[in-house]
Every structure is written in C-alpha cells, then in structure tokens.
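Chain residues, written in single-letter form:
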Amino acid sequence: MTTPTSESISPVDAHRAAVSPDAGLDRCPLMPNYGPPAVQFVRGEGPYLWDSRGDVYLDFLSGLAVTSLGHSHPAVAAAVAEQSQRLLHVSNLYATEHNAVVATMLDQAVGDGDPAGGQVFFCNSGAEANEAAIKLARRFGGHGRHVVVCAFQSFHGRTLATLAATGQPQKWEAFQPLPEGFRHVVWNDLDELERSLDETVAAIFLEPVQGEGGVNPATIEYFQGVERICRERDILFMVDEVQTGLGRTGRWFGFQHFDVSPDVITMAKALGNGVPIGACWAKADVAASFSPGDHATTFGGQPLATAAARAVLSTMKAIDAPERARSMGAAISEALVKLPRVTECRGLGLLLAVELDGVDAKLVAAECLKNGLVVNAVTPTAIRLAPPLTIEESHIAEAVNKLAGCIEAVVAASESI
Ligand SMILES: *Cc1c(COP(=O)(O)O)cnc(C)c1O
C-alpha cells in the first residue's frame, strides 16, 4: 500500500495529493475545516472501497454510519438512476410521488411493524432534522417554555442551534454567541436530569447511543426514567436517531431497545444510503404544533432523495436489516474482546467502539487505513466500527484480523522508540 503518510510529506501536500492527485493544482481549493485526507476514494461495491491508486479497502465505517446497505447497492442505484431521468425536483409547493410512501414506511419502522400514528417532515441532513425538532419543541412549548435539555458528550450537528444542543463545550468556544435555550446534564444520570428541569423546559433531547461522543449507550433505567419524567411534566421526549436509526443498533430505532415511545424522532444518516436526506418524525398531536409557513426547505423531500429512501427502506425490510445488525454485531463483539489490548467492546448492534489499553486510537486508525481497513478513532482511546449491515462472517474475520495486526504494529512501533 502506498498511501501518502504524514511522515513523508507535509499535511498541505498530502491534502492536495489526495484531493486532486492528477489536477496539478498548486494550492488546495478546499477550505481547511477538515484535516488532510490520506486517500481519495473513487469506487465502492458492497463493503469494499477502491482508492485512486487502485488499492482496495474493507469499509467498516460506512461513511460515518451512512452506507448501511454497502456501496453501490443495486436497488438504490437503480432507483436513483430511474428517478434522475424522470423528475428531480419541483419544490414543496407541489406533491411528489414518494414522500407520503416513505413517511408511511418510516412510521411503520417507528411502530416496529405497526403504524405508529406519527407524521414526518423531510429535510437534507441530520442537523436539519434536529433543527426541525428544536423548532417543533419551541412551537409546542409556546412562549416562555422553550428550553431543550441535552446531555454532555452528545452530538446533534454543526449548525448554530444544533451546535448549542451538542454537549461538547470545546466545540462552542469559537462560535459565541450561540442561540439560547439549551441546557446540559450528565449522561445517564436521572437525578441530575430531574434537578435541571423547571417551567421553561419544553423538551428533553437525547441519543439512544451517543455516537460521536464515544459510542455510549443509554441505560434502560435512564431512558425509561426520562420517559416517566416527560409524561409527568408534559415535556417532549425527543430522540436523536440520526446515527442509531434504521437498523444500525439491531432494532429499527435505538429507543426500541428501551421500550419507550418518544414524541419526536430525528434521523438521517442511513436513510438515503449516501443520498442526502433527513427526517423528523413526531406524534401527530405534537406535529400539529406546526402550521403552514412555520418551517420549510427548498430541497427537503425532493423526488431524488425520497426515491433513494424508498429503495433503502424496502431493501432493509426485505433483508431484515435490524436482525443482521444484531447477529453480526454479536459475532464481531465476541471476536473483538479476545484481542490483546482491547479492554472493552461497547455499543449496540453494528454501532461499536473498541476501547484500547495504552494504545493511541488515532495511530491505530491510520495504520488500519494503510492496511486496507477503514475505521475511525471516535475518542483518543477507542476505535469506532460501523460496517454495512450487509456484512458477512468472512468480512468480520478479515476486519478483526487486520485490526489485530494494526494494534500490534502500533504497540511495537511505540515500544521501539
Ligand atoms: C451525524 C449526526 C448529526 C449531524 O448530521 P449531519 O447530517 O452531519 O448534519 C446529528 N446527530 C447525530 C446523533 C449524528 O450522529
């Protein structure tokens, strides 16, 4: 493997080389808000990716839990191709053919097979789905009752409001002043949550498994306690399922592990298998807080994206994607905990973090990439795995083997210094 490494060339050159290996540009035309990429991918099929040099990689990150059906899935590709030749966009001033169908399919997923009685707003991303939820909560609460309580270590997006909701103060600093009306509490601590509430609180907003925060699942006591508190006080229980939704955790939605019924559910990542689409589902009486004109989007719910989502949801149902996530997740966890230097494998289904003892997770992720395995360091000490839900035992064996070798290589390199 001959991917550029940070030892051999400067980050700027590496960035330029990966972004435009053949363009011969003397400066990178992209903003520096992302770190220098080590590789440029040009093709994907199932769980495999190929880079611009022709090297192959096993993708156990799925573009951050997005391509849950693997790359270039034939049903999604066909739906996108067909739709693109017929109608791409007309705006939400008019009806289009897939959005009510997709909304109905999502409502059934929320009800775990039965209609859940909710309604859906479509948008283009996770942050937008969360913006819709936050605006809905403010509309529901009314004046003076607008606060959304979130957890520390949560991640809800990068727009100003979703950044304010995100429970990572180090990410807030550079962007003050942030929108008001967010309060943060310690994760999985029901007493603290209860103490944080007053008459100004409209909603509690939580991830069933904190994804970006390090793959930290909620406890069942916590989610059930939150639901009880919300019912007692007439506060909305909102869950951010942008990363956990649509089969990833072994259920259609992460909250279903905890036997609760949230009022508002946001989703995005896996919904289009790579075509940008987000959605905010709400119980009908909550959704009724919105009147025409309260919220809108130009692109959200357009035929290209909803055609992709329709193909994704039909395929996920046909292959029982949640069941695959459950069984493959159990198989991979069992193999991972046996590896040297692995102290814990946490998460649900196929959203997992491998906690390492005394090994830099960033170095391990970089070594994996050099050796043809795509994963990422979700914390300084943990590797995140979010493979396609379509993986088979052979892919697990290949990934676990590579990961073991890369951990060993990083340990050996640090001991030889
Ligand atoms: C990725 C993510 C978001 C943000 O989604 P974008 O599509 O990047 O805006 C929000 N919430 C959670 C839980 C996420 O994992």
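In what follows, the structure referred to is the one given above.
If you're wondering where the values come from, they're calculated on a predicted model, not measured in any experiment.

Asks: Quick rundown of the overall build of the protein? Include the residues and the values.
Replies: A tally of helices and strands in the protein yields 14 helices and 17 strands. For the protein, whose C-alpha radius of gyration is 22 Å, the value lies close to the compact-globule estimate of 22 Å for 417 residues. Seen through its principal axes, the protein has C-alpha atoms that stretch 60 × 55 × 45 Å. Looking at the protein as a whole, 52% of its 417 residues are labelled buried. Long-range contacts, defined as pairs at least 24 residues apart, comprise 69% of the intrachain contacts of the protein with a sequence gap of at least 6.

Asks: Break down the packing of helix α12 (residues 321–336) against helix α14 (residues 393–415) for me, with residues and values.
Replies: Between α12 and α14, whose axes approach to 10 Å, the crossing angle comes to 30°. Considering the angle they form, α12 stands roughly parallel to α14. Once α12 is placed against α14, the crossing between them reads as right-handed. Residues Met-328, Ala-331, Ile-332, Ala-335 and Leu-336 of α12 lie in contact with α14, whose contacting residues are Glu-393, Ile-396, Val-400 and Leu-403. Of the residues contributing to the contact of α12 with α14, the split by class is 8 nonpolar, no polar and 1 charged.

Asks: For unusual backbone geometry, give the residues involved together with the corresponding values.
Replies: Note that the residue after Gln-176, namely Pro-177, is joined by a cis bond; omega there is -5°. The phi torsion at Ser-91 lies on the positive side, around 85°, for a residue other than glycine. Along the chain, the position of Ser-91 falls in the loop between α3 (74–84) and α4 (99–110). Although it is not a glycine, Asp-234 sits at a positive phi angle of roughly 55°. In this fold, Asp-234 is placed in the loop between α9 (220–233) and β10 (236–240).

Conventions and cut-offs
Every chain's residues receive numbers from 1 upward, in the order its sequence appears when written. At least 70 in pLDDT is required for a residue's local features to be given in this predicted model, at least 80 for side-chain atom pairs to be given and counted, and no such filter applies to totals for whole chains, interfaces and linings, which use all residues. With hydrogens and water set aside, each side-chain value is computed from the structure's full complement of heavy atoms. Under the scheme used here, helices are H or I runs from DSSP no shorter than 4 residues and strands are E runs no shorter than 2 residues, and both carry numbers assigned from the N terminus. The reference for a compact globule is 2.2 Å times residues^0.38; the radius of gyration itself is calculated from the C-alpha atoms. For every residue, the accessible area obtained with a 1.4 Å probe (protein chains only) is divided by the maximum for its type, and the residue is called buried under 20%, exposed over 50%, and partly exposed between those limits. Throughout, a contact is declared for two residues whenever any of their heavy atoms are within 4.5 Å. Orientation is described by lines fitted to C-alpha atoms, with helices fitted over the stretch in contact, and by angles between N-to-C directions that extend from 0 to 180 degrees. Note on angle classes: values under 35 degrees are labelled roughly parallel, values over 145 roughly antiparallel, values of 65 to 115 roughly perpendicular, and the remainder oblique. Less than a right angle of anticlockwise turn of the near helix away from the far helix marks a crossing as left-handed, whereas a clockwise turn marks it as right-handed. Amino acid classes used here: Ala, Val, Leu, Ile, Met, Phe, Trp, Tyr, Cys and Pro are nonpolar; Asp, Glu, Lys and Arg are charged; the rest, including Gly, are polar.

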